[in-house]
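# Chains, contacts and geometry: an overview
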Amino acid sequence: CKNVDLSIALKGIQLNYIQSTFIVNETTAANLKKYLEQTYSLNDLNCSLIPESFKNEADLKSWQKVISLFEAHKNIKTVSVNNLSFHNQNCLAYYEVAVALSTLNEFLQDTKNLKSNFVIKTGVNSDYFLQIAKLRAIRRLWAVLKKKYN
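The present account deals with the structure reproduced in this document. For clarity, every value in this text was computed on a predicted model and none was experimentally measured.

### Points about unusual backbone geometry
- Backbone geometry at Asn-90 places phi at a positive 60°, although glycine is not the residue there.
- Looking at the element boundaries, Asn-90 is found in the loop between helix H4 (84-88) and helix H5 (93-111).
- Among the residues examined, Asn-90 registers a relative accessible area of 70% and is labelled exposed.

Okay, structure coming up:
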């Protein structure tokens, strides 16, 4: 969303009918929210926001501002993990699971109350049984993690 005119980039796309994902930072998230509020009812949208960068504690603090910006809108998922880069570097499936859950654990430790749904962006390759096992493991371990914090 950096230096992009959203009215041109999203022209003709009816976001209220599709699941959309935006890669944003604190500044571009504010611009995106402004555009979405002018064009749609935010409660009718079903979209996910993924951090542009998530390398250190400052990025986590910045992302918490993004979370608070969209906090009132349940269908906008702001808690997200982008595991695609790990998948594309041929990391093992259990490593992808560990990274996803450790990132979600950091969110839970910091917020103690996860009000938003979350999204995990990961890749799937042709080893279907292993990839299905990876997705099932994330779902089951997420349930265990939620119990610990609730």
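### Points about a nonpolar patch on the surface
- A contiguous nonpolar patch, built from Val-124, Tyr-128, Ile-132 and Leu-135 and spanning about 400 Å² of accessible area, is present on the exposed surface.
- By secondary structure assignment, the location of Val-124 is in the loop between strand E5 (118-121) and helix H6 (128-149).

### What to know about the pairing of strand E2 (residues 46-51)
- Taken across its six residues, E2 has five buried, putting it largely inside the fold.
- Summarising the sheet, strand E1 (residues 19-24) and E2 pair through six bridges and their orientation is parallel. Among the inter-strand pairings, Ile-23 is bridged to a residue of E2, identified as Ile-50.
- After leaving E1, the chain enters helix H2 (residues 26-39) and then returns to the sheet as E2, a path that is right-handed.
- Judged from the two bridges that link them, E2 and strand E3 (residues 76-77) form a sheet pairing that is parallel.

### Quick look at the packing of H2 against helix H3 (residues 57-69)
- The N-to-C vectors of H2 and H3 enclose an angle of 15°; their axes lie 9 Å apart at closest approach. By the angle class used here, H2 and H3 are roughly parallel. Handedness of the crossing formed by H2 with H3: right-handed. Where H2 approaches H3, its residues Glu-26, Ala-29, Ala-30 and Lys-33 are matched on the opposing element by Ser-62, Lys-65, Val-66 and Leu-69.
- When the residues that make up the contact of H2 with H3 are grouped by side-chain class, the tally is four nonpolar, one polar and three charged.

### Here we look at the pattern of salt bridges
- The final tally for this structure, using the stated rule, is three salt bridges.
- In this structure, Lys-65 engages Glu-26 in a salt bridge whose closest nitrogen and oxygen atoms are separated by 3.9 Å. Separated by 39 residues along the polypeptide, Lys-65 in helix H3 and Glu-26 in helix H2 bring together distant segments of the chain.
- Between Glu-37 and Lys-33 there is a salt bridge whose closest N-O contact spans 3.8 Å. One end of the pair, Glu-37, and the other, Lys-33, are both in helix H2, four residues apart, so they sit about a helical turn from each other.
- By relative accessible area, Glu-37 is classed as partly exposed at 45%.

Cut-offs and rules
Residues numbered from 1 in each chain as written. Predicted model: local features only at pLDDT ≥ 70, side-chain atom pairs only at ≥ 80, totals over all residues. Heavy atoms only, no water. Helix = DSSP H or I, 4+ residues; strand = E, 2+ residues; numbered from the N terminus. Buried < 20%, exposed > 50% of the residue type's maximum accessible area, 1.4 Å probe, protein only. Patch = residues over 30% accessible without salt bridge, like charges linked within 9 Å, V, L, I, M, F, W, Y side chains within 5 Å. Areas by Shrake-Rupley, 256 points an atom, 1.4 Å probe, with all protein chains shown as cover. Salt bridge = Lys/Arg side-chain N within 4 Å of Asp/Glu carboxyl O. Pairing = 2+ DSSP bridges. Right-handed = clockwise from strand over helix to strand, strands pointing away. Axes fitted to C-alpha atoms, helices over the stretch in contact; angles between N-to-C directions. Parallel < 35°, antiparallel > 145°, perpendicular 65-115°, else oblique. Left-handed = near helix turned anticlockwise from the far one by under 90°. Contact = heavy atoms within 4.5 Å. Nonpolar A, V, L, I, M, F, W, Y, C, P; charged D, E, K, R; others polar.

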